[in-house]
Structures are given as C-alpha cells and as structure tokens.
Amino acid sequence: AMSIVTPKDIVLLLGMFAAVINFCLSIPTAFVYGERMSYHSFLLDLFNTAVAACKPSACMAEQLSKLDTSNGICVVGAGKAAAEMAAETYRVLGDKCYGAVVTRYGYESAGDTGKIEVLTANHPTPDNNSLVAGKTLLDLVRDTPATTPILFLISGGGSSLMCLPVDDVPFS
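Residues numbered from 1 in each chain as written. Predicted model: local features only at pLDDT ≥ 70, side-chain atom pairs only at ≥ 80, totals over all residues. Heavy atoms only, no water.

Chemist: When you look at the pairing of strand β4 (residues 97–104) in this model, what are you seeing that I'm missing?
Modeler: Along a regular strand, successive side chains alternate from one face of the sheet to the other. The buried fraction of β4 amounts to 6 of the 8 residues, a majority that puts the element mostly inside the structure. Pairing of strand β3 (residues 73–78) with β4, which is carried by 6 bridges, proceeds in the parallel orientation. Within β4, the residue paired with Val 76 across the bridge is Ala 100. Taking the sense of rotation as the criterion, the β-α-β connection linking β3, helix α5 (residues 82–93) and β4 turns out right-handed. (Buried < 20%, exposed > 50% of the residue type's maximum accessible area, 1.4 Å probe, protein only. Helix = DSSP H or I, 4+ residues; strand = E, 2+ residues; numbered from the N terminus. Pairing = 2+ DSSP bridges. Right-handed = clockwise from strand over helix to strand, strands pointing away.)

Chemist: How should I be thinking about helix α6 (residues 128–143) in this particular structure?
Modeler: Each turn of an α-helix holds 3.6 residues, which means side chains three or four residues apart point in the same direction. In a regular helix each residue adds 1.5 Å, so 16 residues correspond to 22 Å; α6 covers 23 Å between its end C-alpha atoms and thus fits that length. Where α6 is concerned, the buried positions are Ser 130, Ala 133, Gly 134, Leu 137 and Leu 140. The buried residues of α6 occupy an angular sector of 135 degrees when the element is viewed end-on, so they sit on one face. Structural note: α6 exposes Asn 128, Arg 142 and Asp 143 on the side pointing more than 90 degrees away from its buried face. Along its buried surface, α6 packs onto β3, β4, β5 (115–121) and α7 (158–161). Two or three places before Asn 129, at the opening of α6, Asp 127 has a side-chain oxygen 3.1 Å from that residue's backbone nitrogen. (Expected span 1.5 Å × (residues − 1). Arc of directions from axis to C-beta. Contact = heavy atoms within 4.5 Å. Polar contact = N/O pair within 3.5 Å; in protein donor to acceptor, adjacent residues only side chain to side chain.)

Chemist: Before we go on, may I ask you to explain the pairing of β3 in this structure?
Modeler: Most of β3 is tucked away, with 6 of its 6 residues classed as buried. Bridge count between β3 and strand β6 (residues 150–154): 5 bridges; the pairing is parallel. Among the inter-strand pairings, Val 75 is bridged to a residue of β6, identified as Leu 151.

Chemist: What is the right way to read unusual backbone geometry from this model?
Modeler: For the peptide bond that leads from His 123 to Pro 124, omega is 15 degrees, which places it in the cis range. Its location among the elements puts Pro 124 in the loop between β5 and α6.

Chemist: Just checking my understanding: could you explain the state of the cysteines for this structure?
Modeler: Note on terminology: a disulfide is the covalent bond linking the sulfur atoms of two cysteines. Per the counting criterion, the structure on display carries 0 disulfides. Distance from the sulfur of Cys 54, which forms no disulfide, to the nearest cysteine sulfur (Cys 59) is 6.5 Å. Lacking any disulfide linkage, Cys 97 is separated from the closest cysteine sulfur, that of Cys 74, by 9.8 Å. (Disulfide = S-S within 2.5 Å.)

Chemist: I keep staring at the environment of Lys 55 and nothing clicks. Help me out?
Modeler: Tracing the backbone shows Lys 55 in the loop between α2 (39–54) and α3 (56–59). Of the residues examined, Lys 55 reaches a relative accessible area of 34% and is grouped as partly exposed. Residues Lys 55 and Met 85 lie 30 residues apart in sequence; the distance between their C-alpha atoms is 8.4 Å.

Printed below as a string of structure tokens:
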C-alpha cells in the first residue's frame, strides 16, 4: 500500500505550524538565514514552501516508481487535486496507466494525463456530473482484471465530485 502522508502527520504538522505562528506573532521581526525579515514575510514564505512540498510533482514520483506496472495499472481518483495527481502519475508511469479521475470545474487543466480521462463535477454540492463520475469510476474498477493493480488518487472534495447513492437514497 502506498501512503505519502498520513492523517496523523497532518495533525502533527498543523499543530507545529500553529505553534510557530503563535511564537512569530509575539516578536515583530525575525532573523532568517542571517537576514532580518518581517514575520509576515517569514510566515508567507513558510506557507508557500509547505504548499510546494505537497504538490504531486514534488511528492509522488518516488512512491509511484515503486509500483508494479507489468500488467498495466488502472488509475481512478477524485478531488480538487485529482487532475494534477493524474498528470504526475502519467508523467512517471506513462502509457502503462489508464483510467479516470474527477475534479471540480476549472481544475481540469493540469497537464497531459495520457489515457487517464479527467472528468469534472461540482464542488462543494454534487451535481449530475458527480453521479456520472461515480458510475464511471465504479465501472472502471469493476471491469479491471484481477491481475491489474488499481491506484486510487484522492484529495479534498472527493465526496462531492464522485457520488453514487444506493438505490433507496434519492440524489436530491
């Protein structure tokens, strides 16, 4: 199983980040790399560095390269970062991967995804395309041969972007 960051890691990082912010707010300026800078600049730089480290292009390649793709790999996913993760997956694994991911409207332009289709739906409230995406991804998984691994890419927003209520639960 592939795990890049666990929920426990995120909670720990958020706690550390909150502690740094509280400390920084108590002092008007800081010395960073031997230079004086405002804490606003320091915190903005810290935030931008953290966001850059979480980008798929920065954190997925090492883990993806460990996957056995000798029988191909089916890629499914949902979330606001799904298209970007699909593009990185295709960049690393190439034509060995196929599948579909769903992201929110306006987030689909993340680069070449090869045979990984990028679907779009509404966020934060599901729409009809969320239903189409849920069915499409479920069908892909059902039709994948048992010898082909399935990689599930998920990020925030997935529950709105890909939904498929059971028969007795109305979509409305």
